[in-house]
Amino acid sequence: MGIHIIKMPDIGEGIAEVELVGWHVKVGDTVAEDQPLADVMTDKATVEIPSPVVGKVVALGGDVGQVMAVGGELIRLEVEGEGNARAGTPAPQKAAAAAVEASTPAPAKADNAAAATAGGIAGQIAASVSPQASPARTAPQAASRPAAAAMPTVARQAGEKPLASPAVRKRAWDLGLELRYVQGSGPAGRVMHEDLDAYLQSQGTGSAVRGGSAYAQRNDEEAVPVIGLRRKIAQKMAESKRRIPHFSYVEEIDVTELEDLRVQLNLKWGESRGKLTLLPLLARAMVVALRDFPQINARYDDEGGVVTRYGAVHIGIATQSDGGLMVPVMRHAETRDLWSMAAEIGRLAQAVRTGSAGRDELSGSTITITSLGPLGGIVTTPVINHPEVGIVGVNRIVERPAFRNGAVVARKLMNLSSSFDHRVVDGMDAARFIQAVRALLEQPALLFVE
């Protein structure tokens, strides 16, 4: 038998280090060739690292949340033959700790549970992301689980977050269950839908209901490490607010005619071309307005002191995912009609929510749209997507009385809440740009007049 060391591969694009965001294996596991070992993140793209050989895991090279250098030891396997490491090559500290854990008897492990590291907790959080909700399991499926009646209650340490997909977490919340009491049967102790069924069957719903009463005192705490995508988002937001002097401008838009047009277009073309939302119409208005305001369709390199203005309009579409906010890019919006925009926005949103968006789809925007949809509120102060110089935020549409030709009539009104980089965009230019967008949206025929 020999030792095979797998090093952190060069992912390309001059990347020198990556963040370890999840393990698919643990010490003692036997892995097959091409089996996924770990997930690493660079910027906002997550890359899966497979195993090039068959072997048994004897050491892990890092904790989840750790930033690792390209070329550093990722994992150590025991393989048939000589392997690629000389005998006596020291294992990293992580490997030694894992080896102790693997050899510790079960009672001792329970005593040592309080010493679990933040990295281990973070690994559980990172592994919990799942793109889609799974359908609820039926009672017969739960009953078929042989060990259900004997399932013990496992109380995890304070702050220790169990592994579970968003769908499982939502179902547990709906059922009033504390996931930390549910023993997981999936990989690395991941809690599955079947585990919820089995827990309900063996313990009953009453014992795990949160607090047992709507007015019961609670003293539980949960420490959630900021790692992976959430760490990238935090860094990006902090950098944007630290480096960019934001100023916001809010304008009310009467979208009654625009909404009537959208309804008519959907009635005529919805089945054959797809349904239109407000976003493609707003994107079209921005494309047209930006022709007269190139200083807003730009990126500012503040270190180099250069503002680059773009003819192409690459619109970032701020999209919420299970892991956090991401900004995929609709490229060359100036070349697209409404249905092409709608299809691309839908494709990008799906790619983000399923975790399949590539690095090229998450970079290169020149201006961004952000919307909370029905939750859009009255006014927001969106944060600029650095190094862009402007972002347009959509608030919700409300129907209110308004004066038209001396009469009070019902109109559909919406605020645009936008932010700009005051270092390179003057307040007057920003206001004129939003007023141009307003004119296009309030008289939607102008969107198509060249």
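Values in this document were obtained by computation on a predicted structure and should not be read as measured data.

Draft legend 1. Region of the structure containing the sheet that holds strand β1 (residues 2-7). Taking strand neighbours across the sheet as the criterion, the four strands line up as β1-β8-β6-β3 in an open arrangement whose pairing is antiparallel. A single partner strand is all that each edge strand has here, and the edge strands are β1 and β3 (30-31).

Draft legend 2. Structural context of the packing of aromatic side chains. All told, the structure shown has four aromatic pairs when counted by the stated rule. Measuring from centroid to centroid gives 6.5 Å for Trp-269 and Trp-339, while their planes differ by 70°, and the two rings are edge-to-face. Here Trp-269 is found in helix α8 (residues 256-273), whereas its partner Trp-339 is found in helix α10 (residues 338-353), with 70 residues between them in sequence. Look at Phe-293 and Phe-433: their rings are 5.9 Å apart centre to centre, the planes differ by 70°, and that puts the pair in the edge-to-face class. Of the two residues, Phe-293 sits in the loop between α9 (278-290) and β10 (298-301) while Phe-433 sits in helix α11 (residues 427-442), which places them 140 residues apart along the sequence. Looking at Arg-273, its charged tip hangs above the ring of Trp-269, at a distance of 3.6 Å from the centre. Cation over ring: Arg-273 sits above Trp-339, and NZ or CZ is 4.6 Å from the ring centre.

Draft legend 3. Local environment of the nonpolar core. Leu-282, Ile-315, Ile-369, Leu-416, Phe-433 and Val-437 are the most contacted members of the largest nonpolar core, which totals 48 residues. The element best represented in this core is α9, accounting for 11 residues. Ignoring anything within four residues of it in the chain, the contact list for Leu-282 reads Ile-369, Val-392, Val-394, Leu-416, Val-437 and Leu-441.

Draft legend 4. Local environment of unusual backbone geometry. Across the junction of His-386 and Pro-387, the peptide omega takes the value 10°, indicating a cis bond. With respect to the secondary-structure elements, Pro-387 resides in the loop between β16 (367-371) and β17 (390-394). If you check the backbone angles, His-332 has positive phi at about 50° while not being a glycine. Its location among the elements puts His-332 in the loop between β15 (329-330) and α10.

Draft legend 5. Summary view of the pairing of β17. With respect to burial, β17 is a largely interior element, five of its five residues being buried. Here β17 shows no split at all, with Gly-390, Val-392 and Val-394 on one side and Ile-391 and Gly-393 on the other all buried. Two strands pair when backbone bridges link them, and β16 and β17 are joined in this way by four bridges, in the parallel orientation. Within β17, the residue paired with Ile-369 across the bridge is Val-392. One ladder, built from five bridges, connects β17 with strand β19 (residues 407-421); its direction is antiparallel. Within the sheet, the bridge partner assigned to Gly-393 lies in β19 and is Ser-417.

Draft legend 6. Looking closely at the pattern of salt bridges. With the rule as written, the count across this model stands at 19 salt bridges. Note that Glu-239 is salt-bridged to Arg-243, the shortest N-O span being 2.9 Å. With Glu-239 and Arg-243 both in helix α7 (residues 228-243) and four residues apart, this pair spans about one turn of that helix. Residue class for Arg-243 comes out partly exposed when judged on its relative accessible area of 23%. The salt bridge involving Asp-254 is made with Arg-404; its shortest N-O contact spans 2.4 Å. With Asp-254 in strand β9 (residues 246-254) and Arg-404 in strand β18 (residues 398-404), the pair connects residues that are 150 residues apart, well separated along the chain. What makes Asp-254 buried here is its relative accessible area of 5%. Taking relative accessible area as the criterion, Arg-404 reaches 34% and is therefore assigned partly exposed.

Calculation notes
- Residues numbered from 1 in each chain as written.
- Predicted model: local features only at pLDDT ≥ 70, side-chain atom pairs only at ≥ 80, totals over all residues.
- Heavy atoms only, no water.
- Pairing = 2+ DSSP bridges.
- Helix = DSSP H or I, 4+ residues; strand = E, 2+ residues; numbered from the N terminus.
- Phe/Tyr/Trp six-rings, centres within 6.5 Å; stacked < 30°, edge-to-face > 60°.
- Lys NZ or Arg CZ within 6 Å of the ring centre and 35° of its normal.
- Core = buried A, V, L, I, M, F, W, Y, C linked by side-chain atoms within 4.5 Å.
- Buried < 20%, exposed > 50% of the residue type's maximum accessible area, 1.4 Å probe, protein only.
- Contact = heavy atoms within 4.5 Å.
- Salt bridge = Lys/Arg side-chain N within 4 Å of Asp/Glu carboxyl O.

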